[in-house]
Each structure stands twice: as structure tokens, then as C-alpha cells.
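A structural walkthrough
Residues per chain are reported as follows:
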Amino acid sequence: AKAIHSTTPSLTTKVTTIITTMVFGWLFGAPVPKEWPEGQPVRLPPYFPVQPKGCEQPSQQLFECVATKATTKQRELENAGFHKSYYDGSVQPPRDEKYAKYVREQQQQQQQVAGAAAPDKNDQKEEVATLPRPDENPLEQCTLDILAYQHCCNRALKKKQNWILTEPFRVQKEYRYSTTQEKQH
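The sections below set out a description of the structure shown in this document. Predicted model, so just to flag it, every value in this text is computed and none were measured.

Okay, the state of the cysteines next. Evaluation of the coordinates by the stated rule reveals two disulfides. Each sulfur of the disulfide joining cysteine 55 and cysteine 152 lies 2.0 Å from the other. Across the S-S bond linking cysteine 55 and cysteine 152, the dihedral sits near -100°, which makes this disulfide left-handed. Of this pair, cysteine 55 sits in the loop between helix H1 (11-28) and helix H2 (56-80) while cysteine 152 sits in helix H5 (residues 143-156), and the two are 97 residues apart along the sequence.

Overall, the coordinates contain four aromatic pairs when judged by the stated rule. Measuring from ring centre to ring centre gives 5.7 Å for phenylalanine 48 and phenylalanine 63, while their planes differ by 70°; the resulting arrangement is edge-to-face. Placement of the pair is phenylalanine 48 in the loop between H1 and H2 and phenylalanine 63 in helix H2, with a sequence separation of 15 residues. Note on phenylalanine 63: relative accessible area 22%, which makes it partly exposed. Aromatic side chains phenylalanine 48 and tyrosine 149 sit 6.1 Å apart centroid to centroid with 70° between the ring planes, which places their arrangement in the edge-to-face category. Here the residue phenylalanine 48 occupies a position in the loop between H1 and H2, and tyrosine 149 occupies one in helix H5, the gap between them amounting to 101 residues. One aromatic cluster in this structure is built from Tyr47, Phe48, Phe63 and Tyr149.

Next up on the list: the nonpolar core. Grouped together as the largest cluster of nonpolar side chains are 18 residues, with contacts concentrated most on Tyr47, Leu62, Cys142, Ile146, Tyr149 and Cys153. Mapped by element, the contributors of at least two residues to this core are H2 and H5. Top element by residues in this core is H5. It accounts for six residues. Dropping the residues within four chain positions of it, isoleucine 146 is found in contact with Trp36, Val42, Arg43, Leu44, Pro45, Leu62 and Leu139. Counting residues in each nonpolar core, the second largest holds five residues, with Leu77, Phe82, Val103 and Leu131 among its members.

As a further point, take the environment of tyrosine 47. Structurally, tyrosine 47 can be placed in the loop between H1 and H2. Leave out the neighbours within four places in its chain, and tyrosine 47 touches Tyr149, Gln150, Cys153, Asn154 and Leu157. At a separation of 2.8 Å, a polar atom in the side chain of tyrosine 47 contacts the side chain of asparagine 154.

Looking at the secondary structure, you find aspartate 135 in the loop between helix H4 (122-130) and H5. Aspartate 135 sits in the exposed class, given a relative accessible area of 60%. As a C-alpha pair, aspartate 135 and leucine 77 span 58 residues in sequence and 9.8 Å in three-dimensional space.

Rules used throughout
- Residues numbered from 1 in each chain as written.
- Predicted model: local features only at pLDDT ≥ 70, side-chain atom pairs only at ≥ 80, totals over all residues.
- Heavy atoms only, no water.
- Disulfide = S-S within 2.5 Å.
- Helix = DSSP H or I, 4+ residues; strand = E, 2+ residues; numbered from the N terminus.
- Phe/Tyr/Trp six-rings, centres within 6.5 Å; stacked < 30°, edge-to-face > 60°.
- Buried < 20%, exposed > 50% of the residue type's maximum accessible area, 1.4 Å probe, protein only.
- Core = buried A, V, L, I, M, F, W, Y, C linked by side-chain atoms within 4.5 Å.
- Contact = heavy atoms within 4.5 Å.
- Polar contact = N/O pair within 3.5 Å; in protein donor to acceptor, adjacent residues only side chain to side chain.

Next comes the structure, spelled out in C-alpha cells:
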């Protein structure tokens, strides 16, 4: 007689797998993602300048990246006239007309050369690659730092010691700025 073997795991195997996953998942955590989700713009999380306990290193790395790389790229975009205004319908002129003209000329040359055989000028190619583009997001410079910060904060902000960091707070009336009507009374 043939023995019938079940292909489904037993209840004890399932429970052991779940407990192992929970324990080791809690101890070691899930790995930090290495890429930003496809089709989504790179953005800072809504809780951004929060620095929860346990996330000091990813926070400092992100703050440093935003302060240096992203800010530098944003200034280049502003100088070239490619930055977007916070207000819809507002047109922002370039801050540096000469630089904006230079960037536009380089882009036109690059488009013309793209169809033809490119000359052997590696220095010029590298310079054109670093020039700002109209569709560029300055936070793309900090993608990995943002992912590490989000990953750490999503776990750390659930802990009791960090709850207060996401709670809205109310300023007591005596500490608020007084209006002109209150000053008259």
C-alpha cells in the first residue's frame, strides 16, 4: 500500500515559521530598499525633520545630503530657470541669464549631436551630463538617504519613546502672538 504524503505543511510547521519570522524580523528588521518605487516622485516623508531615538545616523545622513547635494542642485536649477514655483501659474525667471542661456545652448547642441556621430570629446559630454535639466528633481541626489531615513523612522516612530515626535501640540493662549485687537484692550 502506498503512503499518502500531504504536500501542505502541518500546523506546527506554520506556527514555527511565523514565530521565526516574527522574532528574526524584529531583531534584524527588513532590509532597506535600494530603489525608489517606480513612477513616484522623490519626496521627503511628511514627518521630515523629526529625528527619533535610534535613527540618529540615517537622520544625520539625510540632513547632510539635503543641506549639501540637494541644495546645490536646487540652486543650479534656479540659476538656469528650471525651478518650479510653489504657486500654480507663477512663472519664475532665471536668476542668472548667462548661465540659463549657456544651459539652453548646450542642450540644443546635445540634441543635434544625438542623431549624428558624436565627436570624441569626453570632457564636453561629462560637462553636459552635469548641467541641470528641466524635469530634474533635486531630491534625487538623496534617494538612498531618504529610503534609509523612512525605513528607520517608520519603525522607530511606533515606539513609545518617540510617540511625542508625531503628536500635534497646542500652544497655550498666553504664549501666542497677540493680535492688534487684543493690544488695544
